[in-house]
2 protein chains.
Amino acid sequence: MKKGRITIKDIAKNLNISASTVSRALNNNPDISLETRRVVQEYANEHKYKPNSLALSLRNSHSNIIGVIVPELANHFFSSVLSGMETIAEDHDYHVIVCQSSEEYTKEIRNVQTLIEARVCGMLISQSKTTIKYDHFQELVDNNIPVVFFDRICTGIDSGKVVVDDYSGTFHAVDYMIQTGCKHIAFFGAAPHLEISKNRKNGYLDALRKHHMPIDEDIIRIADNKQLGYEKAMELLQSDNRPDAFMAMNDYTASGILLAAKTLKLKVPEEVSICGFSNSNISQDTDPMLTTVDQHPQKVGEEAMNLILEKVQNPDSTDKKNKIVKTSLVIRETTRPLVK
Amino acid sequence: MKKGRITIKDIAKNLNISASTVSRALNNNPDISLETRRVVQEYANEHKYKPNSLALSLRNSHSNIIGVIVPELANHFFSSVLSGMETIAEDHDYHVIVCQSSEEYTKEIRNVQTLIEARVCGMLISQSKTTIKYDHFQELVDNNIPVVFFDRICTGIDSGKVVVDDYSGTFHAVDYMIQTGCKHIAFFGAAPHLEISKNRKNGYLDALRKHHMPIDEDIIRIADNKQLGYEKAMELLQSDNRPDAFMAMNDYTASGILLAAKTLKLKVPEEVSICGFSNSNISQDTDPMLTTVDQHPQKVGEEAMNLILEKVQNPDSTDKKNKIVKTSLVIRETTRPLVK
DNA sequence: ATGAAAGCGCTAACAT
DNA sequence: ATGTTAGCGCTTTCAT
């Protein structure tokens, strides 16, 4: 065993035929006699020949590698999305290269450059929170590299998009809490320039409007982690303007709110209702267990990968089938039961 | 803009020099006049030339891609490991291709084949639970593809290994619970053929032995998820042989045990102590919050990637620097305080 | 039915 | 200081 793997040339030499015949035989080209095909394929199997996909890609000027950029790998949502992507890619014999931007704009730029150099044939991207310019994305378009954004999409760029239905996820959750008798519902969101924040806030506002409830800017706050959720909830729950329900940006924030309510000996959900977002694994382990909105991250990943593969395999098609993945409300114990 | 990206040839043609000069200029070869270098590099920058790593890899018969196989991407431990790997790889200009085996032996075999075809220059693997034979791993060794196993290592194969110190993690946790006054400690483990199960059980047993405590096979059970943790704990806690502490295989199991204790109105930690394993995100959201063993998954990933890169860049070195990543006990609320 | 040659993008040995 | 050539592994005209 010399320097690794056996090539077509090796087979050709050992069988005393030409490389092109071997290539054709391996690809079951009908020009080649059945006998030759059999011999070649047998030899290849025996010696565990594997085509060199690097060479193949180079020749076809088309790799079978999809690049994925996520803000954070160690995150339940994104790792589930990635799982969905990998599943679909595997089915289609594509590979997935992953990069994480760590929520840093400059790292994201480097990620994009890296993936261009890696000659990926398409990219799946979820923007970092700190991304402020889109030149690096535009470069992809200019280079004819198909892109699909998912979840944290980039609206400034001509590309495919897969989003979670944040608007209606939030709308339904808030609507539900109103129907269970909540009168004064707070909203804890994230940085307002993100699409996702806007959409969720709009869902919240429209649910209030639907029921002709007043909008109180004082109980609309920015808090998107446990610590902030806890702090802002402590503040509000001890104020004169005490909410009887919270719609949170994610489950961590919700868990912080829950902690605040418990610290203040307020009963959940009797005195305070709480709804999270994500249906992450923590939501079944809080006490009481969190009501939350499931985003079906696996599905997001599958849709995104399907979209990009379509684009990759059919570069001329101009139809942008953007996908919206429906959310579903998972009712557990931090909200009251529905009473008609 | 024709079919995508600019090549060295294009630059050469437009600048009326040869391709090799361009190549050398781009690599800052001192043979090339400063002036030529400047001109070439300027042109390259302006036209956003990016080297084609496919071509490079082919030429060097050495890709800069590391293949990673994990049992499950949507898992806090493995996604954190992956995050650590990506960070190190990025620093060294290597790419990471991920595959998941979904805990299926046959899928794992396919993953290995896929990654061989992708011409990865090294692999990082954590075995699936159902893997029973090692032929597919052996094939890697035969092909001179360096491998490093992490966490769920394969002892039958000559390779690098990075493991969590399961033995001493469990030992210290149990030792700690004994020191806080626990007298009858149950152990909830996973499938006994896994290295990781054996090691943790040994840590448990040795901690008991250290304190000359009897070993009771009746309270050593198999349970490695929330449901099973709940069921087995319900059973034991209602039996005559009631434990006053539990050492669990992971935080989910611990959370099931906690649920059982709460269901039976037993006080945690006064009447029942519980220790999980992983320090996963749920451990801060249970009530009371879980005492657990942090495995430092990010670190596991970093060490594994460092090891494989060393091997890749220095294939002849035979030193197998296996790494053991130390665990640390994270004391929260499901165990009693230490009293001297 | 098979072989020879060229080329995907890049670089290194070998000219000049 | 720069150019020419060959080759990494593969496929695909274009012969024969």
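Because the structure is a prediction, the values reported are computed rather than measured.

Looking now at the protein's contact with DNA strand C. Taken together, 24 residues are adjacent to DNA strand C, and A:Thr21, A:Arg24, A:Arg59, B:Tyr49 and B:Arg59 come closest. Taken together, the sugar and phosphate atoms account for 68% of what DNA strand C places within 4 Å of the protein. In the model, a phosphate oxygen of DNA strand C is placed 2.9 Å from a nitrogen or oxygen of the B:Lys9 side chain. The contact in question runs from a base nitrogen of DNA strand C to an N or O atom on the side chain of B:Arg24, over 3.2 Å. When contributions to the surface near DNA strand C are tallied by element, the ones reaching two or more residues are helix H2 (19–26) and helix H4 (53–60) of chain A together with helix H1 (8–15), helix H2 (19–26) and helix H4 (53–60) of chain B.

Before going further, it helps to spend a moment on the pairing of strand S5 (residues 160–164) of chain B. All names here are of chain B. Across the 5 residues of S5, 5 count as buried, placing the element largely inside the fold. Alternating positions in S5 separate into two faces, Gly160, Val162 and Val164 on one and Lys161 and Val163 on the other, with burial throughout. Taken together, the 3 bridges between strand S4 (residues 147–150) and S5 define a ladder with parallel strand orientation. Bridge pairing links Val148 to Gly160 in S5.

Attention now moves to the relation of the copies chain A and chain B. Relative to chain B, chain A is turned by 180 degrees and slid 0.1 Å along the rotation axis, the superposed coordinates differing by an RMSD of 0.2 Å. Overall, the copies show the geometry of a two-fold rotation axis.

All names here are of chain B. Spatially, S7-S6-S8-S9 is the arrangement adopted by the 4 strands of the open sheet, whose pairing is parallel. The sheet is open, and its two borders are formed by strand S7 (220–222) and strand S9 (273–275), each paired with just one other strand. Averaged over neighbouring strand pairs, the angle between their axes works out to 20 degrees when direction is ignored. Note that strand S8 (residues 245–248) and S9 share 3 bridges and pair parallel. Note on S9: the bridge partner recorded for Phe246 is Ile274. Sheet contacts for helix H10 (residues 226–237): strand S6 (185–189), S7 and S8; angle to S6, the most-contacted strand, approximately 155 degrees.

Turning our eyes to something else, we now look at the pattern of salt bridges. All chains considered together, the criterion is met by 40 salt bridges over all chains. The partner of B:Glu139 in a salt bridge is A:Lys48, with the nearest N and O atoms 3.9 Å apart. With B:Glu139 in helix H7 (residues 135–142) and A:Lys48 in the loop between helix H3 (34–46) and H4, this pair bridges two chains. Residue B:Glu139 is classed as buried on the basis of its relative accessible area, which comes to 8%. When its relative accessible area of 47% is taken as the criterion, A:Lys48 is described as partly exposed. B:Glu195 serves as the salt-bridge partner of B:Lys198, at 3.4 Å between the closest nitrogen and oxygen. Taken together, the residues B:Lys198 and B:Glu195, both in helix H9 (residues 195–210) and 3 residues apart, mark about one turn of the helix. In this structure, a network of salt bridges that share partners links the residues A:Glu35, A:Arg38 and A:Glu42.

Another aspect to go through is the interface of chain A and chain B. At the junction of the two partners, chain A supplies 59 residues and chain B supplies 59 residues. Summing both sides of the interface, chain A and chain B together bury roughly 5,200 Å²; the carbon and sulfur share of this comes to 51%. It is A:Arg5, A:Leu54 and A:Arg119 that lose the most area in chain A upon contact with chain B, and together they represent 15% of the buried surface on that side. Remark: the boundary between chain A and chain B carries 12 salt bridges. Between B:Asp287 and A:Lys262 there is a salt bridge, with its nearest N and O atoms 2.5 Å apart. Counting across the chain A and chain B interface gives 29 residue pairs in polar contact (both at pLDDT 80 or more).

With that out of the way, let us pick up the protein's contact with DNA strand D. Taken together, 24 residues are adjacent to DNA strand D, and A:Tyr49, A:Arg59, B:Ser20, B:Thr21 and B:Arg59 come closest. Within 4 Å of the protein, the atoms of DNA strand D are drawn from sugar and phosphate moieties in a proportion of 63%. B:Arg24 places a polar side-chain atom, nitrogen or oxygen, 2.7 Å from a base nitrogen of DNA strand D. Within the side chain of B:Thr36, an N or O atom sits 3.0 Å from a phosphate oxygen of DNA strand D. Of all the secondary-structure elements, those providing two or more residues to the surface near DNA strand D are helix H1 (8–15), H2 and H4 of chain A together with H2 and H4 of chain B. Each residue belonging to the surface near DNA strand D can be placed in one class, and the counts come to 8 nonpolar, 10 polar and 6 charged.

Residues and elements named next belong to chain A. Where H2 meets H3, the closest approach of the two axes is 9 Å, and the angle between their N-to-C directions is 85 degrees. What the angle tells us is that H2 and H3 run roughly perpendicular. For the pair H2 and H3, the contacting residues are Thr21, Val22, Ala25 and Leu26 in the first and Thr36, Arg37, Val40, Gln41 and Ala44 in the second. Tallied by class, residues from the contact of H2 with H3 come to 5 nonpolar, 3 polar and 1 charged.

Let us look at unusual backbone geometry. Residues and elements named next belong to chain A. Residue Pro269 is reached from Val268 by a cis peptide bond, and omega for that bond is 10 degrees. Here Pro269 lies in the loop between helix H11 (251–263) and strand S9 (273–275). The phi dihedral of Ser61 is positive, around 40 degrees, even though this residue is not glycine. With respect to the secondary-structure elements, Ser61 resides in the loop between H4 and strand S1 (65–70). For Ser61, a relative accessible area of 47% translates into the label partly exposed.

Residue and element names in this part refer to chain A. For the structure on display, the rule yields 12 aromatic pairs over all chains. The interplanar angle of 80 degrees and the centroid separation of 4.9 Å between the aromatic rings of Phe137 and Phe149 together place this pair among those described as edge-to-face. One end of the pair, Phe137, is in helix H7 (residues 135–142); the other, Phe149, is in strand S4 (residues 147–150), and 12 residues separate them in sequence. When sorted by exposure, Phe137 lands in the same class as Phe149, which is buried. Through a chain of ring-to-ring contacts, three or more aromatic side chains come together here, namely Tyr134, Phe137 and Phe149. The residue whose ring lies beneath Arg200 is Phe277, and the NZ or CZ to ring-centre distance is 3.7 Å.

Looking now at the packing of helix H8 (residues 166–179) of chain B against H9(B). Residues and elements named next belong to chain B. Contact pair H8 / H9: the axes reach a minimum separation of 7 Å and the direction vectors enclose 35 degrees. Note that H8 runs across H9; the crossing there is right-handed. Side by side, H8 and H9 meet where Asp166, Tyr167, Thr170, Phe171, Val174, Asp175 and Ile178 of the first sit next to Ile196, Asn199, Arg200, Asn202, Gly203, Tyr204, Asp206, Ala207, Leu208 and Lys210 of the second. For the contact of H8 with H9, a count of residues per class yields 8 nonpolar, 4 polar and 5 charged.

Calculation notes
- Residues numbered from 1 in each chain as written.
- Chains lettered and ligands numbered in written order.
- Predicted model: local features only at pLDDT ≥ 70, side-chain atom pairs only at ≥ 80, totals over all residues.
- Heavy atoms only, no water.
- Near = heavy atom within 4 Å.
- Polar contact = N/O pair within 3.5 Å; in protein donor to acceptor, adjacent residues only side chain to side chain.
- Helix = DSSP H or I, 4+ residues; strand = E, 2+ residues; numbered from the N terminus.
- Buried < 20%, exposed > 50% of the residue type's maximum accessible area, 1.4 Å probe, protein only.
- Pairing = 2+ DSSP bridges.
- Least-squares fit on C-alpha atoms with pLDDT ≥ 70 in both.
- Axes fitted to C-alpha atoms, helices over the stretch in contact; angles between N-to-C directions.
- Contact = heavy atoms within 4.5 Å.
- Salt bridge = Lys/Arg side-chain N within 4 Å of Asp/Glu carboxyl O.
- Buried area = accessible area lost by both parts, 1.4 Å probe.
- Nonpolar A, V, L, I, M, F, W, Y, C, P; charged D, E, K, R; others polar.
- Parallel < 35°, antiparallel > 145°, perpendicular 65-115°, else oblique.
- Phe/Tyr/Trp six-rings, centres within 6.5 Å; stacked < 30°, edge-to-face > 60°.
- Lys NZ or Arg CZ within 6 Å of the ring centre and 35° of its normal.
- Left-handed = near helix turned anticlockwise from the far one by under 90°.

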